[in-house]
Amino acid sequence: MPLPDELPRFPDVAQGAPNYTSHIDLALARGHLPFSGSKDSHTWGWMRFKQAPKQITDAHLICLVDAWPPGVLQMMSTPAPASSMMWNLEFIHPHQSVEPEDWFAYQSHTRQAAQGYAHAQANIWNNRGQLVAVSRQSIAIFD
């Protein structure tokens, strides 16, 4: 993926983004913003905290991974409520420690979507290319 400094960022709260995004920097490498009518349901990018914590723990990684909207939402052209029906985040241990300012790579693929339901899987790597977590999510979209 291109480096984060070369990529567009998700909008901030003043531009209509959810409040929690004021703490997280998301750089989009593939995909589009939610409700943009995209033909693509996959999302790739980079993530980190805007204000780095003292250290990165698994709890911090959970927060970062959960910040990404489901990729299938970018295929919709108007806003609609969505909810996780199931989310499983599996950590690969041991993984190398990272610096609090480091970026993490995120690549999510929508594996199936139809009739208001979607299933996505994502891999998360540290900035040295080491896999640190795998995410699996089932999503309901209420349209």
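It should be emphasised that the depicted structure is a prediction, and the values quoted were computed from it without experimental measurement.

What follows covers the nonpolar core. Judged by nonpolar contacts, the single largest core of 20 residues is most densely connected at L26, M47, L64, W68, F104, Y106 and I124. Setting aside chain neighbours within four positions, we find L26 in contact with P8, R9, F10, W46, M47, A67 and W68. Listed in part, the eight residues of the second largest apolar core include M76, A118, A120 and I139.

The final tally for this structure, using the stated rule, is five salt bridges. Across the pair D40 and R30 runs a salt bridge, and its minimum N-O distance is 2.9 Å. One end of the pair, D40, is in the loop between β1 (24-30) and β2 (43-49); the other, R30, is in strand β1, and ten residues separate them in sequence. Taking the shortest distance from any N to any O, the salt bridge between E90 and R136 comes out at 3.4 Å. Of this pair, E90 sits in strand β3 (residues 82-91) while R136 is found in strand β6 (residues 131-141), placing the two residues 46 residues apart along the sequence.

Before going further, it helps to examine the sheet that holds strand β5 (residues 117-125). Hydrogen bonds between backbone atoms are what pair the strands of a sheet, whose relative direction is either parallel or antiparallel. Sheet architecture is open: six strands sit in the order β1-β2-β4-β5-β6-β3, paired in antiparallel fashion. Strands with a single pairing partner mark the edges of an open sheet, and in this sheet they are β1 and β3. Here the average twist between neighbouring strands, direction ignored, is 25°. Note that β3 and β6 share nine bridges and pair antiparallel.

Conventions adopted
- Residues numbered from 1 in each chain as written.
- Predicted model: local features only at pLDDT ≥ 70, side-chain atom pairs only at ≥ 80, totals over all residues.
- Heavy atoms only, no water.
- Core = buried A, V, L, I, M, F, W, Y, C linked by side-chain atoms within 4.5 Å.
- Buried < 20%, exposed > 50% of the residue type's maximum accessible area, 1.4 Å probe, protein only.
- Contact = heavy atoms within 4.5 Å.
- Salt bridge = Lys/Arg side-chain N within 4 Å of Asp/Glu carboxyl O.
- Helix = DSSP H or I, 4+ residues; strand = E, 2+ residues; numbered from the N terminus.
- Pairing = 2+ DSSP bridges.
- Axes fitted to C-alpha atoms, helices over the stretch in contact; angles between N-to-C directions.

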